[in-house]
Amino acid sequence: MSEPEQAVEHAEAPAAPEDDRAGLARGRRVVLAVVGGAALMAVGGLLATTLVKSPAQVAAETGPPAQGALTADVERRVLAQTVVMRGTVVADQSVAVTPQGVRAGEGTGAALVTKLPLKAGDPVTAGQLIAEVSGRPVFTLHGAQPMYRDLKPGATGDDVAQLQQALRELGHGTGGDAKGVFGPGTKAALAARYRAIGYEPPPAVADGGAALRSAREAVRSATWALEDASSPTGPVGAPAEGGSGKGGATPGPGTTASPGPGLRSGSGRELARARQALGEAQAALAAAEAADGPMLPTAETVFLGSFPARVSSVGARAGSPVAGPVLTLSGGELVVEAYLKDDKRQLLRAGMTVVISSELSGTDVRGKVAVVATERSAAQPAGPQPQQDPGQNPKGGGSGGTGVGGADLGYRMVVRADQPLPAGFARQDVRLTVESAATDGEALVVPVTAVSAGADGRTVVTAVSAEGTQRRIEVRTGTSGDGFVAVTPAQAGALAAGTKVVIGVAPRETRGKTR
């Protein structure tokens, strides 16, 4: 080897250790990185196992604690048993106007509706014309007693007294007529009412006045006969025998001729008979005059207990024959009507407290059961139905009902509110909560599940002390309702408000598992 080559070899020899040191450094860095990453992964896994939980573990850790007996507190309060049902708000009085037997004029056929001035929803006042049938009016009057007969001059009774009062309320005085007697004053008042609505009153005696004219003629004839019987020379107007007629005027009707001096008078028998005939004729005339005058037919008026009323529905139109209710009127305060089945009928009676709830207005009104029928009600039998306008819902309108002729509705119950129901409640479907039973004042009350009967027949509740010990207390049960029952301990003071009683047993749960 030459010297230059040796010099080069000696110059390059020290470079080898420096490369080895650099490689070692890089190796250490890689190892450290691997170790650091492993450590980080270990820490991340540890954190993950701490923070991330399975659904079962979450349910176990968030579930309720282990339980044994379920308890509830004994309460002291008034307990009421309630019955809940639906009802419809309707008017206290509803009258279907069916003018049958209207006196039509000569040459007319079946009764036809000739005028209907009102429509459904219109208000109605006393004395108002509500329909016209075959040219005759139908109008309203104030009165609670329904009209069951034609009222004619000479009639007496409570219905006549009601007519007199209704006419006076409309400003038509009845003069000196006694209460309940259809006399001249009542005739004049009734005629005035008819003329006020634009009609002539129907005559009580439909003979054109023939009976009255005949009675008056009979009185005139009897008067003349008496005068003739009292005349000394025969018929009145004949000149006296031997008289010159000078100054001898003929007595007119209504005067009694007296026999002159020296003249022979009629026999006593003829005179007595003439006087009797005149008395009878005058009595017949008085009767004819009493019977003559206007009358009030049942077909021409409708009595309602209170006003203003309203038209609930219209069942006919002008020109249609009268084959059912022409219209239906509703009057009086609003009440709630419901129909009960047998099970509820046995629980309810008049006088029970009711809460009337309107879901539409969010209003609760208290009231009482006014009537619970003792007989079942049925829907209106099938028959001529009110005429409908084209496109009108055939189930709409009307006075209510099931639409099934003769269908059994159940027992009718009427609820009357303590305060008048708002007008907006009319025809609403409302909820009725009836207190069918209640304790006399406050009583000890427990859930019905707290009461049990033992093999010995005793009724007991199980009380739980603060330490968790249990003891059985004998009780007597009373009124129940809404899941609670009133109890009285057999031993006074054995049970008090606030005591915890067992109402059931819950399964013991441990970490989501039931054992």
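The preceding data block contains the structure.
Please read these numbers as outputs of a predicted model, since none were measured by experiment. (Residues numbered from 1 in each chain as written. Predicted model: local features only at pLDDT ≥ 70, side-chain atom pairs only at ≥ 80, totals over all residues. Heavy atoms only, no water.)

Draft legend 1. Structural view of the pattern of salt bridges. Tallied over the full model, the rule gives 18 salt bridges. When the shortest N-O distance is used, the salt bridge between Arg86 and Asp429 registers 2.8 Å. Here Asp429 lies in strand β14 (residues 429-438) and Arg86 lies in strand β3 (residues 80-97), a separation of 343 residues in the sequence. In this structure Arg86 comes out as partly exposed when scored by relative accessible area, which is 39%. (Salt bridge = Lys/Arg side-chain N within 4 Å of Asp/Glu carboxyl O. Helix = DSSP H or I, 4+ residues; strand = E, 2+ residues; numbered from the N terminus. Buried < 20%, exposed > 50% of the residue type's maximum accessible area, 1.4 Å probe, protein only.)

Draft legend 2. Spotlight on the environment of Val354. Here Val354 shows up in strand β11 (residues 353-358). Since its relative accessible area comes to 0%, Val354 is described here as buried. Between the alpha carbons of Val354 and Asp418 there is a distance of 9.7 Å; along the sequence they are 64 residues apart. Among all residues touching Val354, those that are not within four sequence positions of it are Val365, Arg366, Gly367, Lys368, Val369, Val415, Leu432, Thr433 and Val434. (Contact = heavy atoms within 4.5 Å.)

Draft legend 3. Fine view of helix α6 (residues 210-230). End to end, α6 covers 30 Å across 21 residues, agreeing with the expected 30 Å (1.5 Å per residue, within 8%). All buried positions along α6 are accounted for by Leu212, Ala215, Val219, Ala222, Thr223, Leu226, Glu227, Ala229 and Ser230. All buried residues of α6 fall inside an arc of 165° around its axis, so they share one side. In the core, the buried residues of α6 are packed alongside α7 (268-291). (Expected span 1.5 Å × (residues − 1). Arc of directions from axis to C-beta.)

Draft legend 4. Local environment of the nonpolar core. Core analysis: the biggest nonpolar cluster contains 23 residues, and Met85, Val336, Leu348, Ile356, Met413, Leu421 and Leu432 have the highest contact counts within it. Elements represented by at least two residues in this core include exactly β3, β10 (327-340), β11, β12 (363-378), β13 (408-417) and β14. Not counting residues up to four positions away in its chain, the partners in contact with Met413 are Met85, Val336, Glu337, Ala338, Leu340, Leu348, Val369, Val371, Val372 and Leu432. (Core = buried A, V, L, I, M, F, W, Y, C linked by side-chain atoms within 4.5 Å.)

Draft legend 5. Spatial organisation of empty space enclosed by the protein. A complete count under the given rule lists 1 cavity of 30 Å³ or more for this structure. Approximately 30 Å³ is the volume attributed to the largest cavity. Together, Gln145, Pro146, Met147, Leu151, Asp159, Gln162 and Phe303 line the largest cavity. Looking at the lining of the largest cavity residue by residue, the class counts come to 4 nonpolar, 2 polar and 1 charged. (1 Å grid on protein atoms, 1.4 Å probe; cavity = no way out; pocket = protein on both sides within 12 Å on 5 of 7 lines; lining within 4 Å. Points joined across faces, edges and corners; volume = space filled by probe spheres on them. Nonpolar A, V, L, I, M, F, W, Y, C, P; charged D, E, K, R; others polar.)

Draft legend 6. Representation of helix α5 (residues 184-196) in the model. In this model α5 runs 18 Å from its N-terminal to its C-terminal C-alpha over 13 residues, within 8% of the 18 Å that 1.5 Å per residue would give. Where α5 is buried, its residues touch β7 (136-142), α4 (158-169) and α7. Following α5 by one or two positions, Gly198 adopts a phi angle in the positive range, close to 95°.

Draft legend 7. Representation of the packing of aromatic side chains. For the coordinates displayed, the defined rule picks out 1 aromatic pair. The cationic tip of Arg77 hangs over the ring face of Phe484; the distance from NZ or CZ to the ring centre is 4.8 Å. Directly above the aromatic system of Tyr411 lies the positively charged group of Arg345, at a separation of 5.6 Å from the ring centroid. (Phe/Tyr/Trp six-rings, centres within 6.5 Å; stacked < 30°, edge-to-face > 60°. Lys NZ or Arg CZ within 6 Å of the ring centre and 35° of its normal.)

Draft legend 8. Quick peek at unusual backbone geometry. Along the chain, Phe307 connects to Pro308 via a cis peptide bond; the corresponding omega equals 5°. With respect to the secondary-structure elements, Pro308 resides in the loop between β8 (301-304) and β9 (309-314). Look at Ser134: it is not a glycine, yet its phi comes out positive at around 50°. On the secondary structure map, Ser134 appears in the loop between β6 (129-133) and β7. The phi dihedral of Arg427 falls on the positive side, at around 70°, and the residue is not glycine. Structurally, Arg427 can be placed in the loop between β13 and β14. A residue is classified by how much of its surface remains accessible, and Arg427, at 56% relative accessible area, is exposed.

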